[in-house]
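Per-entry structural report
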Amino acid sequence: MDPIFPNAALGSQPSEPEADGTRTERRHDLLALAVLALLTTILFADVLAGVNQFYMRDLTRYYYPTKQVLRDIVYGGEVPYWNRYFSAGQPIAANPEHEVFYPLTWLILLPSYDLGFRLLILSHIYIALFGMYCLLRSMELRPFSAFIGALSFGLGGLFLSYINLLPILFCAAWIPLTCLYVRRFLLHKSLKDFALGSLFFGLQILVAEPTTILQTGALLGFYALYRAWYSQPRLAKAISRVLWIATFCGCALLVGAAQILPAIDHIHDSARSRPFEFSLVSAWSLPWAKLAEAVFPNILGHISIDRVMWYWGGGLYPGMGSPFLFSIYCGLLITAIAIGGAFARPRGGRLVLILVAFSLLIALGGHTPLFKFLYDYGIATSIRYPEKFILLGLFAVIVFGAQMLDRLVDGDQHVRDGALGFVLATTVISAVLAGLSFTHLYATGFSKIWGYTAGPVLNRMVGIMQTDWIVAVLRGGALAVLIFTATMKNRRLWTAAAAIF
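In what follows, the accompanying structure is described. Along each chain, the written sequence defines residue order, and numbers are assigned to residues from 1. Confidence filtering applies because this is a predicted model: local features only for residues at pLDDT of at least 70, side-chain atom pairs given and counted only at 80 or more, and all residues used for totals across whole chains, interfaces and linings. With hydrogens and water stripped out, all remaining heavy atoms of the structure feed into the side-chain values.

Right, let's talk about helix α12 (residues 257-267) for a bit. The rule is simple: take the accessible area with a 1.4 Å probe, protein chains only, and divide by the maximum for that residue type; under 20% is buried, over 50% is exposed, in between is partly exposed. Strands are runs of DSSP state E lasting at least 2 residues, helices are runs of H or I lasting at least 4, and numbering of each runs from the N terminus. For α12, the complete set of buried residues consists of Q259, I260, A263 and H266. The arc that holds the buried residues of α12, viewed along the axis, is 130 degrees, so those residues lie on one side. In α12, the exposed positions that point more than 90 degrees away from the buried face belong to L261 and D265. Note that the arc is computed from the directions linking the helix axis to the C-beta atoms.

In structure tokens:
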């Protein structure tokens, strides 16, 4: 059995140089984890201190009051199986939206409900950051690469979009740890890894957010088949690994049985048992234009500027006016390195392409003929938010990007050239659009694309975009310099500069 972090001493006593190397690695790991924790604490200091609160969309409409109802029921000395406050009474334990059996839910029982609710949300950001760091380190990536990958996942636009979608937040936070221990078990067949993999997958099932569970299962299944493809005998290995994944799923279902079994029974008595109209399913499909957010985070607008939404891309979501996921931006650094790494044709690249393609086919929903075909045959009638399924592809891209960052730092010229070319291309595009944004031509084009008439609102949006394009030019130029100097001799200086970026 290998440790979570590579180069850790197990079994026989290591030699003195090896012991020194292990201690150095441990110090780097502790430093990286401490910085991740410190950065998150600083970014959300106002929330931790109670000065501000998370409030957007479903948080104030649903989750904040329902969690308080659960707290009041428990504080009243009752077993929380029935909610008398909604619709003349309805199940509360059987409804997975309440997460009654999920251990961290009980943070709401702290003396201060506000503090407990804030900690319930923030704790999952820390879990996601630390879990992704440990997953990447278990793949023998250096601490810096694992640090950047963890940042891109736990503090990226996709994961932070889940803050107002609590079941997805709670479920997605455990994906890295589930993948970590399932992967370790497939490689080394350790009973401890099997137990921990089943436990963390079971925690996801206790949350019972179906689309995130499906995407986790797809990650594990595709990875198992990928490992089998490079093993001999191929067919026997494939069957063996698929059976192991099925066993993991079975054990995880046992861990989450307290929630998933009542939920399956409850769904037949709820509106969720009825198929959704295709127009509703299609409305929250991922628009093709949103893919540009992976490079230009605000190309479709801003969710909040001084607590006012300036989102000109709302027309891409007919009848909704805003996206289901606020952002899919995970950082230009990791995106550029991942795209640059694809040109190096590394082992595992095909798996990433398959995961991204599979993810996009579902996430694009009504924007492709495939989803309408699946809907007509009753396969996709219960998928209300296809955009959710972009998680699978972005998770694979972040892991792949962190691996390619490791190769870049090692001096891989193919990765460097590919990433540098991509960044320079996006920077040139940003520079051209930044220049055009100061002309009447840009305002006219903006008006025609997004359907706004001339006036103060259009002028304000164009002004916002002017700033965004200038920032994109500066960001792209800085990243191009970083990539170009990735092999400089002063590694500490470069690492510090990249971390700050």
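With that settled, consider the pattern of salt bridges. Where side chains of opposite charge bring their charged atoms close, a pairing between them can arise. Here, a salt bridge means any side-chain nitrogen of Lys or Arg that lies within 4 Å of a carboxyl oxygen of Asp or Glu. In this structure the tally under the stated criterion is eleven salt bridges. As a salt-bridge pair, E293 and K290 come within 3.1 Å of each other at their nearest N and O atoms. Residue D412 pairs with R407 through a salt bridge whose shortest N-O separation is 2.7 Å. For D412, a relative accessible area of 15% corresponds to the buried category. The exposure class of R407 is partly exposed, given its relative accessible area of 29%.

Inspection of the secondary structure puts D468 in helix α20 (residues 456-484). Only four residue types enter the charge count: Lys and Arg as positive, Asp and Glu as negative, with His and the chain ends excluded. Among buried Asp, Glu, Lys and Arg side chains, D468 stands out as unpaired, with R460 the closest opposite charge at 9.5 Å. The contact partners of D468, leaving out residues within four places of it in the chain, are N298, H302 and W312. A contact between two residues is defined here by any heavy atoms of the two lying within 4.5 Å.

Let us look at the pairing of strand β3 (residues 302-305). A pair of strands counts as paired when DSSP detects no fewer than two bridges linking them. Both β3 and strand β4 (residues 308-310) contribute to a ladder of two bridges, which runs antiparallel. Each residue of the ladder has a partner; that of I305, found in β4, is V308. The hairpin turn running from β3 into β4, its antiparallel successor, is two residues long, and D306 in that turn takes a positive phi close to 55 degrees.

Another point: the environment of H266. Along the chain, H266 falls in helix α12. For H266, a relative accessible area of 17% corresponds to the buried category. Spatially, the C-alpha atoms of H266 and A94 are 6.2 Å apart, while their sequence positions differ by 172 residues. Contacts of H266, omitting those with residues within four sequence positions, involve P91, A94 and N95.

This brings us to the packing of aromatic side chains. Two rings from Phe, Tyr or Trp (for Trp, the six-membered ring) form a pair when their centres sit within 6.5 Å of each other. Planes less than 30 degrees apart are called stacked, planes more than 60 degrees apart edge-to-face, and all others tilted. Under the criterion given, the structure shown has 27 aromatic pairs. Here the aromatic rings of F153 and F395 are separated by 5.5 Å at their centres, their planes lie at 90 degrees, and the arrangement is edge-to-face. Placement of F153 in helix α5 (residues 143-154) and of F395 in helix α17 (residues 390-409) is noted, with a sequence separation of 242 residues between them. The same class applies to F153 as to F395, namely buried. Ring pairs connect the aromatic residues F153, F159, Y162 and F395, which therefore count as one cluster.

Shape is all these values report; function is a separate question.
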